[in-house]
Amino acid sequence: MFSKGNGSHHIHKVRVWFMLILMNVVWIVPLNPGIVIASSISQTEAIALQPIIDQAQTGDVLVLAPGTYLGPVVIDKRLTIRGEGVVTLLNHSADSAIQINSNGVKLQEMNIQQDGDGESAAIVVRADQVTLEDLVIHTGGYGIILRGANGGVIRNNIIRWFIPKGQAPGTRGNGIDLYNSHGTKIMENEITYLRDGIYLENSRNTVVDQNKLYYLRYGIHCMYIDGSYVTNNIGEYNITGAMVMGVTNVVVSGNSFRKQNQNVHSQGILLYDVHTSSIVNNTVEGNRVGIYMEQSSDNDLRDNIILRNFIGVQFLGAEGNQFQSNGFIANVIEAEATDSKDNKMNGNFWDSFQGLDVTNVGTSDIPYAINPFYQQLISNNSAYQLFFQSPGMTFLSDMFTNGKEEWSTDHAPLMKLTTGAPAETASSYGIVMVVGWLLLFLSAVTIIYLGVLRI
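Residues numbered from 1 in each chain as written. Predicted model: local features only at pLDDT ≥ 70, side-chain atom pairs only at ≥ 80, totals over all residues. Heavy atoms only, no water.

## What to know about the overall build of the protein chain
Then comes step 1: The helix and strand tally for the protein chain stands at four helices and 44 strands.
Then comes step 2: For the protein chain, buried positions account for 48% of its 455 residues.
Then comes step 3: In the structure as shown, the protein chain presents an accessible area of about 21300 Å², 55% of it carried by carbon and sulfur atoms. (Helix = DSSP H or I, 4+ residues; strand = E, 2+ residues; numbered from the N terminus. Buried < 20%, exposed > 50% of the residue type's maximum accessible area, 1.4 Å probe, protein only. Areas by Shrake-Rupley, 256 points an atom, 1.4 Å probe, with all protein chains shown as cover.)

Okay, structure coming up:
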């Protein structure tokens, strides 16, 4: 029925302009070699997509006509399906809207609405080398699930949670969920209002790059993803920007995690049981905790900007890590460390630290030691937070020297910030300082003026 074109792969381009359903039979009319055109009903009606897929041959390129189609569908042959941005697939059933079981499938430029919640998903992939790109997904459950699917590409998709009209809110799933799926590239996606934006478990050599993640539990949640890269992502208004757990040889670089502060457990980057990995060139701003590290060792934390967090960095049971060339600016608490020793801290900038550079080499001759007194005190009784930075608390903290030889210490803190802070960060920080001094000056003038008037 389908005309054959030249070429070893016999790839067919199928442009679907018109489709007619009568007695559940799809009428396909071949016109020119290499192209198959199908009749269509009006755009105000919806048509089942599965019959079109069933009648296509392996290697076909299906370009769907504008309109609304019905799922669920199962793709069990190598096809390319394009919607060109004017096709919507609706799925009102409890099954996933699209299930891909064949290697090499490409799904592009479609809108997908998945009404089912819980464990159902808009797309489930159980095959290798599958490409999903330029999709707009609204789901009551999961967005995209990969299971035992290697070498896939998930690029430039928008995935959002929604509540079907007239229904109660369901259980949110993850935006992109991988298990035992290696070598996947997840790039340039935008995910909002789901549970975890990108969830990776037992999926090695994965690239997570240039994604935007908002209003989620964890923007990126990684477990057992050795040899993977988490780079250049943006996360805001989540509980945690990136949670990285149980990994070795992972690179977390160039990310921006801001405004994770709505929960008592909010962090920009959380590192748990992380080893021999690189956390470099990230910006963590306005979070409750900028970088939290626990039970982790032999990692390189370098050239990060840690800005305007309640706690800049927090270590618990973290040992043998390299911590250098990071910039700490306007954090309420610069750093806290408990049961963390043998961490090599050199050449970091601490804006609240008053150093002394006698030899004029750019580093202080006075070391900066992370005092754990306040952290230990509030962990036993949170009410002591009311006395934060009070004269009495500062005095007691300075008097506390128990186990000082095991405190994490920067032996050569920088006198000036050398880490490349974003331009807007540096400028805004300068503006804040200028405004602060102006307000202080105006307050002093006002007090003096009013005092003169009373005299």
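Having seen the structure, we can now continue with the description.
## Comments concerning the nonpolar core
Then comes step 1: Judged by nonpolar contacts, the single largest core of 77 residues is most densely connected at Ile98 and Ile123.
Then comes step 2: The dominant element in this core, judged by the number of residues it contributes, is strand 14 (residues 111-125), at four residues.
Then comes step 3: Counting contributing residues per domain, this core is built from domain 1 (1-194) and domain 2 (217-370 + 408-424), each supplying no fewer than three.
Then comes step 4: If near-sequence neighbours (up to four positions away) are discounted, isoleucine 98 is found in contact with Val73, Ile75, Leu89, Leu107, Ile112, Ala122, Ile123 and Val124.
Then comes step 5: With seven residues, the next largest nonpolar core counts Leu270, Val289, Tyr292 and Ile311 among its residues. (Core = buried A, V, L, I, M, F, W, Y, C linked by side-chain atoms within 4.5 Å. Domains from an automatic or database assignment. Contact = heavy atoms within 4.5 Å.)

## Some details on the pairing of strand 8 (residues 67-70)
A regular strand places its side chains so that they alternate between the two faces of the sheet.
Then comes step 1: Side-chain alternation along strand 8 places Gly67 and Tyr69 on a buried face and Thr68 and Leu70 on a face that remains uncovered.
Then comes step 2: Taken together, the three bridges between strand 6 (residues 46-48) and strand 8 define a ladder with parallel strand orientation. In the strand pairing of strand 8, alanine 46 is matched with threonine 68.
Then comes step 3: Bridging between strand 8 and strand 11 (residues 87-91) involves four bridges; their strand directions are parallel. By the bridge assignment, glycine 67 is partnered in strand 11 with valine 87. (Pairing = 2+ DSSP bridges.)

## Here's the deal with the environment of asparagine 263
Then comes step 1: With respect to the element layout, asparagine 263 can be found in the loop between strand 30 (256-258) and strand 31 (267-275).
Then comes step 2: A sequence separation of 24 residues divides asparagine 263 from isoleucine 239, and the C-alpha atoms of the two residues are 6.1 Å apart.
Then comes step 3: Discounting chain neighbours no more than four positions away, the residues touching asparagine 263 are Ile239 and Arg288.

## Details of the packing of aromatic side chains
Then comes step 1: Within this structure, the stated rule accounts for six aromatic pairs.
Then comes step 2: Consider the rings of tyrosine 215 and tyrosine 237, whose centres lie 5.2 Å apart with planes at 5 degrees: the pair is stacked. With tyrosine 215 in the loop between strand 24 (212-214) and strand 25 (218-223) and tyrosine 237 in the loop between strand 27 (234-236) and strand 28 (240-248), this pair connects stretches of sequence that are 22 residues apart.
Then comes step 3: Since its relative accessible area comes to 33%, tyrosine 237 is described here as partly exposed.
Then comes step 4: Measuring from ring centre to ring centre gives 5.6 Å for phenylalanine 315 and phenylalanine 323, while their planes differ by 85 degrees; the resulting arrangement is edge-to-face.
Then comes step 5: Residue class for phenylalanine 315 comes out buried when judged on its relative accessible area of 2%.
Then comes step 6: The buried category is assigned to phenylalanine 323, whose relative accessible area is 1%.
Then comes step 7: Aromatic ring contacts, followed pair by pair, group Phe315, Phe323, Phe328, Trp350 and Tyr368 into a single cluster.
Then comes step 8: Here the basic side chain of arginine 172 rests over the ring of tryptophan 161, its NZ or CZ set 3.8 Å away from the ring centre. (Phe/Tyr/Trp six-rings, centres within 6.5 Å; stacked < 30°, edge-to-face > 60°. Lys NZ or Arg CZ within 6 Å of the ring centre and 35° of its normal.)

## A word on the environment of serine 228
Then comes step 1: Looking at the element boundaries, serine 228 is found in the loop between strand 25 and strand 26 (229-231).
Then comes step 2: By relative accessible area, serine 228 is classed as buried at 1%.
Then comes step 3: Considering only alpha carbons, one finds serine 228 and asparagine 205, 23 residues apart in sequence, at a separation of 4.3 Å.
Then comes step 4: The residues touching serine 228, leaving out its near neighbours within four places in the chain, are Ser203, Arg204, Asn205, Thr206, Asn249, Val250 and Val251.

## Here's the deal with the environment of alanine 94
Then comes step 1: Mapped onto the fold, alanine 94 is located in the loop between strand 11 and strand 12 (98-100).
Then comes step 2: Classification of alanine 94 by relative accessible area gives exposed; the value is 68%.

## So, the side chain of asparagine 348
Then comes step 1: With respect to the element layout, asparagine 348 can be found in the loop between strand 41 (344-346) and strand 42 (349-350).
Then comes step 2: Residue classification places asparagine 348 among the buried residues on the basis of a relative accessible area of 0%.
Then comes step 3: Within the local environment of asparagine 348, its side chain forms a polar contact with the backbone oxygen of phenylalanine 323, the two atoms lying 3.0 Å apart.
Then comes step 4: Among the polar contacts made by the side chain of asparagine 348, one reaches the main-chain amide nitrogen of asparagine 326 at a distance of 2.9 Å.
Then comes step 5: Among all residues touching asparagine 348, those that are not within four sequence positions of it are Phe323, Gln324, Ser325, Asn326, Phe328, Asp410, Ala412, Pro413 and Leu414. (Polar contact = N/O pair within 3.5 Å; in protein donor to acceptor, adjacent residues only side chain to side chain.)

Just distances and angles here, no functional claims.
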